[in-house]
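Survey of secondary and tertiary structure
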Amino acid sequence: MIGRFNWAGVIDFLPQLMTGLYYTLLISIVGLVIGFILGGIFGLGRIAQSKVISSISVVYIEIIRGTPVLVQAIWIYYALPLIIGTELGSVTAGIIVIALNSGAYIAEIVRGAVQSIDKGQMEAGRSLGLNHGQTMRYIIWPQAFKRMIPPLGNQFIISIKDTSLLSVILVPELIFQGRLIAANHFNAVEIYTTVAVFYLAITLTLSFVLQRMERRLET
Amino acid sequence: MITVKDLHKTFGDNEVLKGIDCEIEPSEVVCVIGPSGSGKSTFLRCLNMLEPVTGGEVIVDGYNLNDPKTDINMVRTEVGMVFQQFNLFPHKKVIENLMLAPQKVRKISDDEAHERCLKLLEKVGLADKADQYPQSLSGGQQQRVAIARALAMEPKMMLFDEPTSALDPELVGEVLEVMKQLANEGMTMFVVTHEMGFAREVGDRVLFMDEGVIVEEGVPDQIFSNPQSERTKEFLNKIL
Ligand SMILES: Nc1ncnc2c1ncn2[C@@H]1O[C@H](COP(=O)(O)OP(=O)(O)OP(=O)(O)O)[C@@H](O)[C@H]1O
Ligand SMILES: [Mg+2]
């Protein structure tokens, strides 16, 4: 059966798939970097003493967690421009979607990690005369960050896979390219298998890197 | 050095401190004893505002802690604190535990901080552990590091909340020894403790607390040998 398929022919489409891979990685990396910053801000915001700040954070997190990524993507690409009055390129929209979406989940990861640090650590810092911000920065955050790595890795992998949904808003990423090729050349098995392998390669590499990082930080 | 007037503290509608008056002189060692839940820790934590006061007045080294204009971080640099659970920073080496606050709060140079902190480690007998992480130390060693960490800020007084209660019995002595040495050097100390031997030997004054008030206070000999209050007698009978 396998022999029926023209696996060697995939090579002809590699350049196009590489373009797709480029956009998948671009959106994943830029989106997750922004998402991490958002997650830090809203994660700490959620446990802030100010009711206003923590309420804003809760609203953001709940809206994102309560709606599907696909709906978020379509809303940002097709609805948001009508509200703000400017077109968004599909890649820009894609980055916004991944950033906003991962940001909410990362916020919960940050909150959980910070809250898991023993209360005595904050008290010890404060009793030495460090202010709240200094204690956060030098004592709480470094310890919380270590605990964040496994769930963060998990979220990164989820977000990378979520980028495939962005094909519906015409982001020229991997699966978008794959569908173009397969529709024109009737090689769905070869192309979609190759696409799947690409995703697997990205996520496995990431897992590996994160595991090494975790082990290094343990000591 | 510390003046406490009619101190009240409530958690929700649970009144834990019900009017405490107390005066602590420079170089005095005051030991606080009393049953569990009597408010000893809460009292101690009010002295550096780890617990906000809900009524009355606390004046530390001339700073009124109730005054919103008081820079609480400033006050805390003058008041060292040692916790029952040590609360060392596990992600920092022993020497870094000591150096952090002097560097970030007092803004002294790295070299000076290192030198000063190494001396303090020598003082508590742990200079050879400077580059280890706290987890690799015994409980007694960790608590001595915690004392050195508090001293690194050169505080004018020290608060101890049951510093030996989390330790195996054979490790209690080394910590008390360090505290005794501090007391002999003239440090003002406020010590919540179950170590009656220490209170008796090192304390200048003993406060007996029960149900949120100071029931009785006096020199150790008087409290331990000739307590006036029934509640003090009962408590001492139970533990001695
Ligand atoms: N953060 C808090 N929130 C609510 N209640 C508290 C809090 N801290 C202490 N309490 C209550 O205040 C009372 C006194 O507690 P505190 O820790 O001061 O007692 P203690 O004399 O130090 O006891 P122990 O010898 O067990 O340490 C207890 O009933 C406790 O439940
Ligand atoms: Mg206590």
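Just so we're clear, the structure is a prediction, and the values are computed from it rather than from any experiment. (Residues numbered from 1 in each chain as written. Chains lettered and ligands numbered in written order. Predicted model: local features only at pLDDT ≥ 70, side-chain atom pairs only at ≥ 80, totals over all residues. Heavy atoms only, no water.)

Focus: the interface of chain A and chain B
Listed per partner, the contact involves 17 residues of chain A and 23 residues of chain B. For the pair chain A and chain B, the summed buried area comes to about 1,700 Å², and 61% of that belongs to carbon and sulfur atoms. Our enumeration of links across chain A and chain B arrives at one salt bridge. Put simply, chain A and chain B have seven residue pairs in polar contact (both at pLDDT 80 or more) between them. Only helix H5 (119-127) and helix H6 (132-162) of chain A provide two or more residues apiece to the side of chain A that touches chain B. The residue inventory of the side of chain A that touches chain B, partitioned by class, reads six nonpolar, eight polar and three charged. (Contact = heavy atoms within 4.5 Å. Buried area = accessible area lost by both parts, 1.4 Å probe. Salt bridge = Lys/Arg side-chain N within 4 Å of Asp/Glu carboxyl O. Polar contact = N/O pair within 3.5 Å; in protein donor to acceptor, adjacent residues only side chain to side chain. Helix = DSSP H or I, 4+ residues; strand = E, 2+ residues; numbered from the N terminus. Nonpolar A, V, L, I, M, F, W, Y, C, P; charged D, E, K, R; others polar.)

Concerning the packing of helix H4 (residues 90-116) of chain A against H6(A)
Residues and elements named next belong to chain A. H6 packs onto H4 with a crossing angle of 145 degrees between their chain directions and a minimal axis gap of 8 Å. Read as a crossing pair, H4 and H6 show a hand that is right-handed. Only Met 136, Ile 140, Trp 141, Ala 144, Arg 147, Met 148, Pro 151, Leu 152, Gln 155, Phe 156, Ser 159 and Asp 162 of H6 make contact with H4, whose side of the interface consists of Ile 98, Asn 101, Ser 102, Tyr 105, Ile 106, Ile 109, Val 110, Ala 113, Val 114 and Ser 116. (Axes fitted to C-alpha atoms, helices over the stretch in contact; angles between N-to-C directions. Left-handed = near helix turned anticlockwise from the far one by under 90°.)

Concerning the pattern of salt bridges
Residue and element names in this part refer to chain A. This structure, assessed with the given rule, holds 22 salt bridges over all chains. In this structure, Glu 62 engages Arg 65 in a salt bridge whose closest nitrogen and oxygen atoms are separated by 3.4 Å. Placement of the pair is Glu 62 and Arg 65 together in helix H2 (residues 51-65), with a separation of three residues, close to one helical turn. Given the relative accessible area of 36%, Arg 65 is considered partly exposed. Connected through shared salt-bridge partners, Arg 46, Glu 62, Arg 65, Glu 108 and Arg 111 make up one network. (Buried < 20%, exposed > 50% of the residue type's maximum accessible area, 1.4 Å probe, protein only.)

Section: the side chain of Gln177(A)
Summarising the element assignment, Gln177(A) is placed in helix H7 (residues 174-185). Apart from residues no more than four positions distant in its own chain, Gln177(A) is found in contact with Gln16(A), Thr19(A), Gly20(A) and Pro172(A).

A short note on the layout of surface pockets
There is about 740 Å³ of room inside the largest pocket. Forming the walls of the largest pocket are 21 residues, and the residues nearest its centre are Gln49(A), Met122(A), Arg126(A), His132(A) and Met136(A). The set of elements that each furnish at least two residues to the lining of the largest pocket consists of H4, H5 and H6 of chain A together with helix H2 (72-78) of chain B. When grouped by side-chain class, the residues that make up the lining of the largest pocket number 12 nonpolar, three polar and six charged. (1 Å grid on protein atoms, 1.4 Å probe; cavity = no way out; pocket = protein on both sides within 12 Å on 5 of 7 lines; lining within 4 Å. Points joined across faces, edges and corners; volume = space filled by probe spheres on them.)

Thoughts on the nonpolar core
Core analysis: the largest hydrophobic core is formed by 70 residues, its most contacted members being Val4(B), Leu7(B), Ile20(B), Phe43(B) and Phe190(B). At 11 residues, H6(A) tops the list of elements feeding residues into this core. Excluding residues that lie within four positions of it along the chain, Val4(B) makes contacts with Ile20(B), Asp21(B), Cys22(B), Phe43(B), Leu47(B), Glu57(B) and Val58(B). Counting 50 residues, the second-largest nonpolar core is a separate cluster that includes Leu171(B), Met179(B), Ala199(B) and Ile223(B). (Core = buried A, V, L, I, M, F, W, Y, C linked by side-chain atoms within 4.5 Å.)

Focus: helix H3 (residues 69-84) of chain A
Ile76(A) marks the point of greatest bend in H3(A), at about 40 degrees. Count one or two residues on from H3(A) and you reach Gly85(A), which has phi positive near 80 degrees. (Bend = angle between axes of the 7 residues up to and from the residue.)

A word on the site of ligand 1
Residues and elements named next belong to chain B. Lining the immediate surroundings of ligand 1 are Phe 11, Val 16, Pro 35, Ser 36, Gly 37, Ser 38, Gly 39, Lys 40, Ser 41, Thr 42 and Glu 162. At 2.5 Å from an oxygen atom of ligand 1 is found a side-chain nitrogen or oxygen belonging to Thr 42. The fraction of the free accessible surface of ligand 1 (630 Å²) that becomes covered by protein chains is 59%. (Near = heavy atom within 4 Å. Areas by Shrake-Rupley, 256 points an atom, 1.4 Å probe, with all protein chains shown as cover.)

Some thoughts on the UniProt feature "domain: ABC transporter" (unreviewed entry) in chain B
As annotated in UniProt, the feature "domain: ABC transporter" (unreviewed entry) corresponds to residues 2-236 of chain B in the numbering used here. Within residues 2-236 of chain B, the helical portion is 37% and the strand portion 26%, while the C-alpha atoms at the span's ends are 27 Å from each other. (UniProt positions renumbered as here; feature names shortened; annotations may be inferred.)

Some remarks on the UniProt feature "domain: ABC transmembrane type-1" (unreviewed entry) in chain A
Here, the residues flagged by UniProt with the feature "domain: ABC transmembrane type-1" (unreviewed entry) are residues 21-210 of chain A. Helix makes up 84% of residues 21-210 of chain A and strand 0%, whereas the separation of the span's terminal C-alpha atoms amounts to 21 Å.

What about unusual backbone geometry?
A negative phi angle characterises most non-glycine residues, just as the trans form characterises most peptide bonds. The phi angle at Phe186(A) is positive, at roughly 55 degrees, despite the residue not being glycine. Of the residues examined, Phe186(A) reaches a relative accessible area of 74% and is grouped as exposed. The backbone of Glu162(B) shows a phi angle near 45 degrees, a positive value even though the residue is not glycine. In this structure Glu162(B) comes out as buried when scored by relative accessible area, which is 11%.

Focus: the packing of aromatic side chains
Residues and elements named next belong to chain A. One pass over the full model with this rule turns up seven aromatic pairs over all chains. Ring centres of Phe 5 and Trp 7 lie 6.4 Å apart, and the angle between their planes is 75 degrees; on these two criteria the pair is classed as edge-to-face. Take Trp 7: its relative accessible area is 34%, and that puts it in the partly exposed class. With a centroid separation of 5.1 Å and 75 degrees between ring planes, the pair formed by Tyr 22 and Tyr 23 is classed as edge-to-face. (Phe/Tyr/Trp six-rings, centres within 6.5 Å; stacked < 30°, edge-to-face > 60°.)

Comments concerning the environment of Ile239(B)
Residues and elements named next belong to chain B. Position of Ile 239 among the secondary structure elements: in helix H9 (residues 230-239). A relative accessible area of 39% places Ile 239 in the partly exposed class. Between the alpha carbons of Ile 239 and His 194 there is a distance of 8.8 Å; along the sequence they are 45 residues apart.

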